Amino acid sequence: GAGAGMSNDFCEVCQKPGRLLLCDRCPRAFHVRCIERFVDSETLAGCSEWRCPVCLHGYDVLRGQTRVRLPPEQMEEHWVVTKRRSLQQCREAHNRRDIFLSLRADL
């Protein structure tokens, strides 16, 4: 998974936990079934680093929209911004989960 092992514990597409494929460049995680059109199982089996569809093509790829790949000098900046946004989304999701669990505990 990403950097210091801070990968999401839910799928980026369906937002559910389970057996997840972790991106080696960002904290995103995916069920293979949720992104099977982006995953070549033969390539996946032989690769030492897997980059998710978002890292490769941008976030809109999950909505069925693709764009031209960024040049290497812009990719690093894009990756930093995307990672920051993803970490924020992860923190927000964990906060919502904690609030939900605390409310359930009060019942």
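No experiment lies behind these values; they were computed from the predicted model shown.

A. The arrangement of the overall build of the protein in detail. Scanning the protein from N- to C-terminus turns up three helices and two strands. Reading the secondary structure of the protein in the N-to-C direction produces β-β-α-α-α. Per-residue burial for the protein yields a buried fraction of 26% across its 107 residues. Just so you have it, the protein exposes about 7,500 Å², and 52% of that area is on carbon and sulfur atoms.

B. Inspection of the packing of aromatic side chains at higher detail. Going through the model one piece at a time under the given rule, you end up with one aromatic pair. On the numbers, 6.2 Å between centres and 80° between planes, the contact of Phe 30 with Trp 50 is edge-to-face. One end of the pair, Phe 30, is in strand β2 (residues 29–30); the other, Trp 50, is in the loop between α1 (41–46) and α2 (53–57), and 20 residues separate them in sequence. With relative accessibility at 0%, the residue Phe 30 sits in the buried group.

C. Representation of the side chain of Thr 82 within the structure. In this fold, Thr 82 is placed in helix α3 (residues 72–106). Beyond its immediate chain neighbours, meaning those up to four positions away, Thr 82 contacts Arg 28 and Val 54.

D. Quick look at the side chain of Arg 28. Locating Arg 28 in the fold gives a position in the loop between β1 (21–22) and β2. Accessibility expressed as a relative area gives 3% for Arg 28, which makes it buried. When residues no more than four places from it in sequence are discounted, the contact partners of Arg 28 are Asn 8, Glu 12, Leu 21, Leu 22, Cys 23, Cys 52, Val 54, Cys 55, Tyr 59, Thr 82 and Ser 86.

E. Expanded view of the pattern of salt bridges. Here the structure, examined in full by the defined rule, presents three salt bridges. Salt-bridge contacts for Asp 98 lead to Arg 97; the nearest nitrogen and oxygen are separated by 3.1 Å.

F. Main features of α3. Taking 1.5 Å per residue, 35 residues should reach 51 Å; α3 reaches 51 Å between its end C-alpha atoms and fits that length. Buried residues along α3 sit against α2.

G. Local environment of the confidence of the model for the protein. This prediction gives the protein a mean pLDDT of 81; 82% of its residues lie at or above 70. Across the protein, β2 holds the top mean pLDDT of 93, while α1 sits lowest at 68.

H. Layout of the environment of Arg 19. Its place among the elements puts Arg 19 in the segment before β1. On the basis of relative accessibility, which here comes to 82%, the residue Arg 19 falls in the exposed class. Counting along the chain gives 13 residues from Arg 19 to Val 32, while the straight-line C-alpha distance between them is 8.5 Å. With near-sequence residues (within four places) excluded, Arg 19 lies in contact with Phe 30 and His 31.

I. Expanded view of the environment of Met 6. Structurally, Met 6 is set in the segment before β1. A relative accessible area of 54% means that Met 6 is categorised as exposed.

So, how was this worked out
- Residues numbered from 1 in each chain as written.
- Predicted model: local features only at pLDDT ≥ 70, side-chain atom pairs only at ≥ 80, totals over all residues.
- Heavy atoms only, no water.
- Helix = DSSP H or I, 4+ residues; strand = E, 2+ residues; numbered from the N terminus.
- Buried < 20%, exposed > 50% of the residue type's maximum accessible area, 1.4 Å probe, protein only.
- Areas by Shrake-Rupley, 256 points an atom, 1.4 Å probe, with all protein chains shown as cover.
- Phe/Tyr/Trp six-rings, centres within 6.5 Å; stacked < 30°, edge-to-face > 60°.
- Contact = heavy atoms within 4.5 Å.
- Salt bridge = Lys/Arg side-chain N within 4 Å of Asp/Glu carboxyl O.
- Expected span 1.5 Å × (residues − 1).
- pLDDT = per-residue confidence, 0-100.

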